[in-house]
Amino acid sequence: KAGVTQTPRYLIKTRGQQVTLSCSPISGHRSVSWYQQTPGQGLQFLFEYFSETQRNKGNFPGRFSGRQFSNSRSEMNVSTLELGDSALYLCASSWTGADLEYGYTFGSGTRLTVV
Amino acid sequence: KNQVEQSPQSLIILEGKNCTLQCNYTVSPFSNLRWYKQDTGRGPVSLTIMTFSENTKSNGRYTATLDADTKQSSLHITASQLSDSASYICVVSSGNQFYFGTGTSLTVIP
């Protein structure tokens, strides 16, 4: 079966611009989480959506937002980009978001570079 | 403060050798602990998941241990292969919250 698909794979944006990243979860998965990964900070949780509702939120500024559609696909938006937003953005999906057996399945990520 | 610390930060070993990665956490209450392998440029892939009552869990050449009393976990890799070169990330969950270690970068050389 298809895995978690993230698009685009690579993105270069200018400071001040905004960007939208897309994540298509595994079919049937209803929970989608977003993470930011940088060399210095490692993986950091952004937010989680379940059945179109934001269920959990990490400690990121309001410039980072997301949404989930009725087909469980999710988008993440970052407005007013800063150089420090350059990172690998990972999306992960699971059945319920609290699976003991299957855990999360991650996508390959979107590499965002802000110049 | 809920934290997950991994050691060493990086490790280089010869192909065929064994190695052990450490994960210490202060997360409470504890739900479960996962080890992920992340190849360069790819998303993390789950290796093992352990609940409070589990002490050891294996996945091929990977064996994870958990001591819930001391809040320590280890990932032991047996007979390492070049393909084991990756970052290994420990993730501790507490209810719906996830706490990530910064990972151990493992390089296996021939």
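Residues numbered from 1 in each chain as written. Chains lettered and ligands numbered in written order. Predicted model: local features only at pLDDT ≥ 70, side-chain atom pairs only at ≥ 80, totals over all residues. Heavy atoms only, no water.

A. Geometry of the overall build of chain A. In terms of helices and strands, chain A carries 0 helices and 11 strands. Secondary structure elements of chain A, listed N to C terminal, follow the sequence β-β-β-β-β-β-β-β-β-β-β. Scaling as 2.2 N^0.38, a compact globule of 115 residues should have a C-alpha radius of gyration of about 13 Å, and chain A matches this with 13 Å. Taken along the three principal axes of its C-alpha coordinates, chain A extends 40 × 25 × 25 Å. A buried classification covers 50% of the 115 residues belonging to chain A. Sequence-distant contacts in chain A: of pairs separated by 6 or more residues, those separated by 24 or more amount to 56%. (Helix = DSSP H or I, 4+ residues; strand = E, 2+ residues; numbered from the N terminus. Rg over C-alpha atoms; globule rule 2.2 N^0.38 Å. Buried < 20%, exposed > 50% of the residue type's maximum accessible area, 1.4 Å probe, protein only. Contact = heavy atoms within 4.5 Å.)

B. Main features of the sheet that holds strand β3 (residues 19-24) of chain A. Residue and element names in this part refer to chain A. Pairing within the open sheet is antiparallel, and its 4 strands lie in the order β1-β3-β8-β7. Sheet topology places β1 (5-7) and β7 (64-68) at the edges, where each strand pairs with a single neighbour. For this sheet the average axis-to-axis angle between neighbouring strands, irrespective of direction, equals 20 degrees. Of the strand pairs in this sheet, β1 and β3 are connected by 3 bridges, and their pairing is antiparallel. Bridged to threonine 5 within β3 is serine 24. (Pairing = 2+ DSSP bridges. Axes fitted to C-alpha atoms, helices over the stretch in contact; angles between N-to-C directions.)

C. Region of interest: the interface of chain B and chain A. With 16 residues of chain B in contact, the opposing surface of chain A contributes 21 residues. Counting the surface lost from both chain B and chain A, the interface buries some 1,600 Å², and carbon and sulfur atoms represent 53% of this. Of all residues in chain B, Asn96, Phe98 and Phe100 of chain B give up the largest surface area on contact with chain A, accounting jointly for 32% of the area buried on that side. In this assembly, chain B and chain A are joined by 0 salt bridges. Elements that contribute at least two residues to the side of chain B that touches chain A include exactly β4 (32-38), β5 (45-51) and β10 (97-100) of chain B. Looking at which element gives the most residues to the side of chain B that touches chain A, the answer is β4 of chain B, with 4 residues. Its residues assigned to classes, the side of chain B that touches chain A shows 6 nonpolar, 8 polar and 2 charged. (Buried area = accessible area lost by both parts, 1.4 Å probe. Salt bridge = Lys/Arg side-chain N within 4 Å of Asp/Glu carboxyl O. Nonpolar A, V, L, I, M, F, W, Y, C, P; charged D, E, K, R; others polar.)

D. Inspection of the state of the cysteines at higher detail. One pass over the full model with this rule turns up 2 disulfides over all chains. With its sulfur 1.7 Å from that of its partner, cysteine 23 of chain A forms a disulfide with cysteine 91 of chain A. Disulfide cysteine 23 of chain A-cysteine 91 of chain A: torsion about the S-S bond near -45 degrees, hence left-handed. One end of the pair, cysteine 23 of chain A, is in strand β3; the other, cysteine 91 of chain A, is in strand β9 (residues 87-94), and 68 residues separate them in sequence. With respect to class, cysteine 23 of chain A is no different from cysteine 91 of chain A; both count as buried. At a sulfur-sulfur separation of 2.0 Å, the disulfide partner of cysteine 23 of chain B is cysteine 90 of chain B. (Disulfide = S-S within 2.5 Å.)

E. Representation of the nonpolar core. In terms of nonpolar packing, the biggest core is built from 24 residues, with Tyr25, Leu33, Trp35, Leu75, Tyr88 and Val92 of chain B touching the most fellow members. The set of elements that each furnish at least two residues to this core consists of β3 (19-25), β4, β5, β7 (62-67), β8 (72-77), β9 (86-94) and β11 (104-109) of chain B. What tyrosine 25 of chain B contacts, discounting residues up to four positions off in sequence, is Gln3, Val4, Phe30, Leu33, Leu66, Asp67, Ala68, Lys71, Gln72 and Val92 of chain B. Val32, Tyr49, Phe60 and Ala87 of chain A belong to the second-largest nonpolar core, a separate cluster that totals 21 residues. (Core = buried A, V, L, I, M, F, W, Y, C linked by side-chain atoms within 4.5 Å.)

F. Here's a closer look at the sheet that holds β7 of chain B. All names here are of chain B. Here 5 strands make up an open sheet; going across it, the order is β1-β3-β8-β7-β6 and the pairing antiparallel. Edge strands, defined here as strands with exactly one partner in the open sheet, are β1 (4-7) and β6 (56-59). Strand-to-strand, the axes of this sheet are offset by a mean angle of 15 degrees, without reference to chain direction.

Nothing here speaks to function; it is all geometry.
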